[in-house]
Amino acid sequence: MIDIKFLRENPDAVRENIKKKFQDTKLPLVDQVIELDARNRQVMQEAQALRSERNTLSKQIGALMGQSKKDPSKLNEAQVLKDKVSAQAQRLSALEKEEAKLAEEIHKIMMIIPQMIDSSVPIGPDDSHNVEVQRFGEPKVPNFDIPYHTQIMESFDGIDMDAAGRVSGNGFYYLLGDIARLHEAVLAYGRDFMINKGFTYCIPPFMIHGNVVEGVMSFADMESMMYKIEGEDLYLIGTSEHSMIGRFIDQIVPEAKLPLTLTSYSPCFRKEKGAHGIEERGIYRIHQFEKQEMIVVCKPDESMAWYEKLWRYSVELFRNFDIPVRELECCSGDLADLKVKSCDIEAWSPRQKKYFEVCSCSNLGDAQARRLKIRFKGEDGKTYLAHTLNNTCVAPPRMLIALLENNLQTDGSVLIPKVLQPYMGGKEVLVPGK
């Protein structure tokens, strides 16, 4: 959500930004909001003038009433002013209603107009135009066939999707035994990895109010992702970023406390609408999973430096698992409307012989902060909007796919990366029972 003042003073820049995001249908919104804003300011100005005059007249009425004890004719003068105040009250009431209506219309439009993207973002209509920036680790393809990831898990009696289908439907799973333990080991390592980076560990609420949802994401994303609790103003979170950023709603943070760096564990719930190919079945695209997240609330001049740090943390973590990864810069058309800049970290899949997304790092500038009124007080005593960032630390379902494929041996066993062995009771290798 951009600043209405910025749009008012830079309408051409906002239009160009909309074009860069290939959302030309939103171009008329700029003129609409300018027109509404002009009328709103006119109404506010007239209303303020009436309030000021009312105060003046009220003082005059009071003075006349005081004088009427000695001069009864003053009562007539006071009554004339009272009638004038009464007539103005009706006009003021109408203006206040119009002002509220205009403000609501402006807000709805401003929630739809996309955030200004960073000048470094590559321009393209969709994710096929995302740009590979660099690779980390050497991708390898073994000289034996790698089974589908659920087949690998089944060889360890580690997954039951049939039972999950009977209990919950498609998009759910049971993890069992060493595979379930490996899942939790990944989460525990991700937690400790971020704590060692200086982040504060947090377990947030897993349900949030609608105004928080509207504050952290666009309406389109909200509709396609979120599950709503029927009959209540509560939504299941799609990622812990939602409730973590929501924690600071309508807060003024002392500048000395910035940056706020937090890492959070949560289950995540997503509709995942639409049909998906074979490679996105199994546990790749599911309705429920667990994740370790990282978020930062900082001063505006620090947000790009934090963006660089966050995605590099993901690279470091995956390389600690001996998994080759690459950084993919998201193009303009692939950015959600609240994002200023974003990149994906993709892990190498030896079975598919290509990379697939495992982390997403985003700088949202002041978009979420403006919607949620997250501010900080500067040394000059003034309040400023903070910047917010988020990045996936690790999401085990997809991490498990990458880990199992990249550490699978010819005999079907799976090597456990050294950093995970302490979380697996010292085990160095998983040996299949089938």
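Cut-off values and rules
- Residues numbered from 1 in each chain as written.
- Predicted model: local features only at pLDDT ≥ 70, side-chain atom pairs only at ≥ 80, totals over all residues.
- Heavy atoms only, no water.
- Helix = DSSP H or I, 4+ residues; strand = E, 2+ residues; numbered from the N terminus.
- Rg over C-alpha atoms; globule rule 2.2 N^0.38 Å.
- Buried < 20%, exposed > 50% of the residue type's maximum accessible area, 1.4 Å probe, protein only.
- Contact = heavy atoms within 4.5 Å.
- Areas by Shrake-Rupley, 256 points an atom, 1.4 Å probe, with all protein chains shown as cover.
- Lys, Arg positive; Asp, Glu negative; His and termini not counted.
- Charge placed at Lys NZ, Arg CZ, Asp CG, Glu CD.
- Patch = residues over 30% accessible without salt bridge, like charges linked within 9 Å, V, L, I, M, F, W, Y side chains within 5 Å.
- Salt bridge = Lys/Arg side-chain N within 4 Å of Asp/Glu carboxyl O.
- Pairing = 2+ DSSP bridges.
- Axes fitted to C-alpha atoms, helices over the stretch in contact; angles between N-to-C directions.
- Core = buried A, V, L, I, M, F, W, Y, C linked by side-chain atoms within 4.5 Å.
- Parallel < 35°, antiparallel > 145°, perpendicular 65-115°, else oblique.
- Nonpolar A, V, L, I, M, F, W, Y, C, P; charged D, E, K, R; others polar.
- Disulfide = S-S within 2.5 Å.
- Expected span 1.5 Å × (residues − 1).
- Polar contact = N/O pair within 3.5 Å; in protein donor to acceptor, adjacent residues only side chain to side chain.

Trainee: Any chance you could explain the overall build of the chain here in plain terms?
Mentor: Scanning the chain for helices and strands turns up 13 helices and 18 strands. Rg of the C-alpha trace for the chain: 28 Å, well past the compact-globule value of 22 Å for 434 residues, more than 25% over. Summarising its shape, the C-alpha atoms of the chain cover approximately 110 × 45 × 40 Å along the three principal directions. Here the chain holds 434 residues, and the buried ones make up 50% of them. Long-range pairs, those at least 24 residues apart, make up 73% of the contacts in the chain between residues at least 6 apart in sequence. Total accessible area computed for the chain in this model is approximately 20,900 Å², and 50% of it derives from carbon and sulfur atoms. Here the chain carries 56 positive and 63 negative side-chain charges, and the mean point of each set is 5 Å from the other.

Trainee: Please explain a nonpolar patch on the surface as it appears in this structure.
Mentor: On the surface, Val167, Tyr174 and Leu176 cluster together into a nonpolar patch covering about 270 Å² of accessible area. Mapped onto the elements of the fold, leucine 176 is located in the loop between β3 (174-175) and α7 (177-196). Among the residues examined, leucine 176 registers a relative accessible area of 36% and is labelled partly exposed.

Trainee: Explanation requested: the sheet that holds strand β8 (residues 252-254) in the structure shown.
Mentor: The pairing of strands in a sheet happens through backbone hydrogen bonds and is either parallel or antiparallel. If you walk across this open sheet you meet the three strands as β8-β14-β15, and the pairing is mixed. Bordering the open sheet on either side are β8 and β15 (383-385), each of which pairs with just one other strand. On average, each strand axis in the sheet is tilted by 35° relative to the strand beside it, whichever way the strands run. With three bridges connecting them, strand β14 (residues 375-377) and β15 associate as antiparallel partners. Along β15, the bridge assignment pairs lysine 377 with threonine 383.

Trainee: Mind showing me how you'd approach the pattern of salt bridges here?
Mentor: Side chains carrying opposite charge are able to pair once their charged atoms draw close together. In this structure the tally under the stated criterion is 24 salt bridges. The salt bridge partner of arginine 39 is glutamate 98, with a shortest N-O separation of 2.8 Å. Separated by 59 residues along the polypeptide, arginine 39 in helix α3 (residues 27-67) and glutamate 98 in helix α4 (residues 74-112) bring together distant segments of the chain. For glutamate 98, a relative accessible area of 27% gives the class partly exposed. Ionic pairing is found between lysine 108 and glutamate 104, a salt bridge with its closest N-O pair at 3.7 Å. With lysine 108 and glutamate 104 both in helix α4 and four residues apart, the pair spans about one turn of that helix.

Trainee: Can you walk me through the sheet that holds strand β13 (residues 354-363) in this structure?
Mentor: Strand order in the open sheet formed by eight strands is β1-β11-β12-β13-β16-β10-β9-β4, with mixed pairing between adjacent strands. Both edges of this open sheet fall to β1 (131-136) and β4 (200-202), since each of them pairs with a single strand only. Taking each pair of neighbouring strands and ignoring which way they run, the sheet shows an average axis angle of 25°. By the bridge criterion, three bridges tie β13 to strand β16 (residues 387-394) in an arrangement that is antiparallel. The residue of β16 that forms the bridge with asparagine 363 is leucine 389.

Trainee: Quick question: what am I supposed to make of the nonpolar core here?
Mentor: Side chains of a nonpolar character, in soluble globular proteins, are inclined to be buried together. Within the largest apolar cluster, 58 residues are counted, with the highest numbers of intra-cluster contacts made by Leu310, Leu317, Phe318, Ile323, Met399 and Leu420. Contributions of two or more residues to this core are made by α5 (149-154), α7, β10 (288-298), α11 (303-320), β12 (341-349), β13, β16 and α13 (396-406). Per-element tally for this core: the top contributor is α11, with eight residues. Ignoring sequence-local partners within four residues, the contact set of leucine 317 consists of Tyr189, Gly190, Phe193, Cys393, Val394 and Met399.

Trainee: Mind showing me how you'd approach α13 here?
Mentor: Spacing of three or four residues puts side chains on the same side of an α-helix, whose turn is 3.6 residues. Most of α13 is tucked away: ten of the eleven residues are buried. Listing the buried residues of α13 in full gives Pro396, Pro397, Arg398, Met399, Leu400, Ile401, Ala402, Leu403, Leu404 and Glu405.

Trainee: Please explain the packing of α7 against α13 as it appears in this structure.
Mentor: For any two helices packed against each other, one specifies the inter-axial angle together with the distance between the axes. At a closest axis distance of 10 Å, the pairing of α7 and α13 adopts a crossing angle of 110°. With respect to their mutual orientation, α7 and α13 come out roughly perpendicular. In contact with Ile179, Leu182, His183, Val186 and Leu187 of α7, α13 contributes Pro396, Met399, Leu400, Leu403 and Leu404. Split into classes, the residues belonging to the contact of α7 with α13 amount to nine nonpolar, one polar and no charged.

Trainee: Please explain the state of the cysteines as it appears in this structure.
Mentor: Structurally, a disulfide amounts to a covalent bond that connects the sulfur atoms of two cysteines. In total, this model carries zero disulfides according to the counting rule given. Cysteine 268 supplies the cysteine sulfur nearest to cysteine 202, a cysteine that is in no disulfide, at a spacing of 13 Å. This cysteine, cysteine 330, is not joined by any disulfide, and cysteine 343 carries the nearest cysteine sulfur, 6.7 Å off.

Trainee: Would you take a moment to explain α11 for this structure?
Mentor: Here α11 spans 26 Å end to end across 18 residues, near enough to the 26 Å set by a 1.5 Å rise per residue. All of the buried residues in α11 are Ser303, Trp306, Tyr307, Leu310, Trp311, Tyr313, Ser314, Val315, Leu317 and Phe318.

Trainee: Looking at this model, I keep getting lost on the environment of lysine 291. Mind explaining?
Mentor: If you trace the backbone, lysine 291 turns up in strand β10. Along the chain, lysine 291 and phenylalanine 22 lie 269 residues apart, while their C-alpha atoms are 32 Å from each other. Each residue touching lysine 291, except ones within four places of it in the same chain, is listed here: Leu187, Thr239, Ser264, Tyr265, Ser266, Cys268, Arg270, Thr392, Val394, Ala395 and Pro396. In terms of polar contacts, lysine 291 uses its side chain to reach the side chain of glutamate 293, at 3.0 Å.

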